[in-house]
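Take a look at the letters that make up each chain.
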Amino acid sequence: MRILYRDPHNRTESAAYSELLARIDKWWEAFEATKEKILDSFKPEMAALRNDWLHEWMEQNLQVIHPELMYEFGPAIEGKGHRLVITPEVQTQLRPLVDLLLQRRPSLDGWEFYPYRPPESVELANWTVEGRTKRSLNGCLVTVVMGQFRRINVTVYSPQCSGPDDLESQAASFIAAESLLGEERLDKWCGAVETVPLPKVSLLGKLLGSQSKGPRPLPLDRLTPTFDALIASNSEQLPNRPYADIARDSSHSYAALEISSADPNGEFPWSDMFTSITSDVALWEAAHCGVPFYSCRFSRFNETFAFLKIEGLYSSDARGEIEEAINEALLLSNLGGVTGGGAGSNFSYIDLALTDVRKAAVAMFAKLRERKLPLHTWLLFFDKHLSAEWIGLYPETPPPPHLTSE
């Protein structure tokens, strides 16, 4: 079910949304009524009973909203009191649901609520790793480097790692990265997390020396600030104007791409695409490669990278006329523009950079309806957390096929 861009005039969807809101409000009522008992369950003398009772209670109250919602209790971050994290973990398409859930929370003294697990200290991260694996973070060092698709790769040098087949150490490093960086950094920015054996003393000395090649291994407490420095450096290297402006610049060149992996039955909404034209190859590859994409890695202007999926195979000339109409509509209010387009065996595609999704959809859809584009025309999104969201060209436009087939 879409959350952000639902159609309030669709009776079926509105009824489902109202039912969802009722479940959310019932959850908050139950939480407010039970919060003291929840806190009591964390007392040492209740440890033997806590896990079973709390798990059952959360299942009966929180997870009736959605079974994939996970939770974590802990001390407050901003002040005295307690915190509750509600997260979909790897089910990132549920992020809009979590945001909606937290928007409807009541004001409760002594409680803070978060949609992502926060970063932890090295000491707490080590407890987490030891509790979930047979490994420890003692003696570990770490490096971070900017990798492919503007994602940051983490390498953990572990004295306990026996080699690339040491799955326990690999799991420990991933848990450590999530604990130290926090869930939001991990989701949006982290690429590969690799574990390698800690070099012997003589080689380690060379790695730590000024003559070594590559990044210098750092203590674990330097992971997050170094990671953040790379995020800031990435932002500084991004274009100093919106992508839509770049794409409209007559002096800017476009690249034509042929896609050998086109598959009409593939898992992605663009799987049938066999050719594309783009104003930025690196951006196109990141959006279409299948790894989690987040617009924040590619724009300093808060742009959302999206695309139109239009039933039918349009010639480049016909698609160009549609793109001109879209640019005309978006340019008037500085809402974004076209960055490229593509052709598939069943659908045509137009890539977009949008500064305000809702206003952009209203503006360009008015132009597209004038051109009587097909009923099966959707605005879709590359961002991982928006993968279940869509906007149809017409009120009667059904959900896109990649969602109805799931």
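Scroll up to find the structure this text is about.
Caption draft 1: Spatial organisation of the overall build of the chain. Helix and strand counts for the chain come out as 13 helices and 14 strands. Across the chain, contacts joining residues at least 24 apart in sequence account for 65% of those joining residues at least 6 apart. For the chain, the exposed area adds up to about 20,600 Å²; of that, 51% sits on carbon and sulfur atoms.

Caption draft 2: Representation of the sheet that holds strand E6 (residues 190–197). The mixed open sheet is built from 4 strands, whose spatial order is E6-E5-E4-E7. Single-partner strands in this sheet number two, and they are E6 and strand E7 (218–219). Note: strand E4 (residues 141–146) against E7, 2 bridges, orientation antiparallel. The partner of Leu141 across the bridge, within E7, is Pro219. This element, helix H5 (residues 167–181), spans strand E5 (152–158) and E6 of the sheet and lies at about 135° to E6. Lying over the sheet, helix H8 (residues 223–237) contacts E4, E5, E6 and E7, oriented at roughly 5° with respect to E4.

Caption draft 3: Seen up close, the sheet that holds strand E11 (residues 336–344). The 7 strands are arranged E8-E9-E11-E12-E10-E13-E14 in an open sheet whose pairing can be described as antiparallel. Two strands bound the open sheet, and with one partner strand each, they are strand E8 (255–258) and strand E14 (391–392). Sheet analysis places strand E9 (residues 273–278) next to E11, joined by 5 bridges and oriented antiparallel. Among the inter-strand pairings, Ile277 is bridged to a residue of E11, identified as Gly341. Running over the sheet, helix H11 (residues 316–331) touches E9, strand E10 (304–311), E11 and strand E12 (347–354) and is turned about 160° from E11. Contacting E10, E12, strand E13 (377–381) and E14, helix H12 (residues 357–370) runs over the sheet at an angle of about 155° to E13.

Caption draft 4: Spatial organisation of the side chain of Arg151. Within the element layout of this structure, Arg151 appears in the loop between E4 and E5. Here Arg151 sits buried without a salt bridge, and the closest side chain of opposite charge, Asp187, lies 9.3 Å off (N-O distance). Apart from the residues within four sequence positions on either side, Arg151 is in contact with Val145, Met146, Trp189, Cys190, Gly191, Val291, Pro292 and Arg297.

Caption draft 5: Spotlight on the packing of aromatic side chains. Within this structure, the stated rule accounts for 23 aromatic pairs. Pairing Trp27 with Trp28 gives two aromatic rings, centres 5.5 Å apart and planes at 55°, and the pair type is tilted. For the pair Trp27 and Trp28, a shared accessibility class is recorded, and that class is buried. Seen from their ring centres, Phe73 and Trp111 are 6.2 Å apart, and the 75° between their planes marks the pair as edge-to-face. Taken as a pair, Phe73 in strand E1 (residues 70–75) and Trp111 in strand E3 (residues 111–114) lie far apart in primary sequence, 38 residues in all. Classification of Trp111 by relative accessible area gives buried; the value is 9%. An aromatic cluster is built from Trp27, Trp28, Phe31, Phe42, Trp53, Trp57, Tyr71, Phe73, Trp111 and Phe113, whose rings are joined through pairwise contacts.

Caption draft 6: Region of the structure containing the pairing of E9. Sheet topology places E8 next to E9; 4 bridges connect them, and they run antiparallel. By the bridge assignment, Leu257 is partnered in E9 with Ser276.

Caption draft 7: Structural context of helix H4 (residues 122–132). For H4, every residue scored as buried is listed here: Ala125, Asn126 and Val129. Seen along its axis, H4 keeps its buried residues to an arc of 100°; they face one direction. Exposed residues pointing more than 90 degrees away from the buried face of H4 are listed as Glu123, Trp127 and Gly131. The inward-facing, buried residues of H4 contact H5.

Caption draft 8: Representation of unusual backbone geometry. The backbone of Asn302 sits at a positive phi, close to 60°, despite the residue not being glycine. Looking at where Asn302 falls in the secondary structure, it is placed in the loop between helix H10 (281–288) and E10. With a phi angle near 55°, Asn334 is a residue other than glycine that sits in the positive phi range. Mapped onto the elements of the fold, Asn334 is located in the loop between H11 and E11.

Caption draft 9: Representation of the state of the cysteines within the structure. Tallied over the full model, the rule gives 0 disulfides. Not engaged in a disulfide, the cysteine Cys161 finds its nearest cysteine sulfur in Cys140; these two sulfurs lie 9.1 Å apart. Residue classification places Cys161 among the buried positions, given a relative accessible area of 7%. Of all cysteine sulfurs in the structure, the one in Cys296 sits closest to Cys289, which takes part in no disulfide; the separation is 15 Å. Judged by relative accessible area, Cys289 falls into the partly exposed class, the value being 34%.

The rules behind each value
Residues numbered from 1 in each chain as written. Predicted model: local features only at pLDDT ≥ 70, side-chain atom pairs only at ≥ 80, totals over all residues. Heavy atoms only, no water. Helix = DSSP H or I, 4+ residues; strand = E, 2+ residues; numbered from the N terminus. Contact = heavy atoms within 4.5 Å. Areas by Shrake-Rupley, 256 points an atom, 1.4 Å probe, with all protein chains shown as cover. Pairing = 2+ DSSP bridges. Axes fitted to C-alpha atoms, helices over the stretch in contact; angles between N-to-C directions. Buried < 20%, exposed > 50% of the residue type's maximum accessible area, 1.4 Å probe, protein only. Lys, Arg positive; Asp, Glu negative; His and termini not counted. Salt bridge = Lys/Arg side-chain N within 4 Å of Asp/Glu carboxyl O. Phe/Tyr/Trp six-rings, centres within 6.5 Å; stacked < 30°, edge-to-face > 60°. Arc of directions from axis to C-beta. Disulfide = S-S within 2.5 Å.

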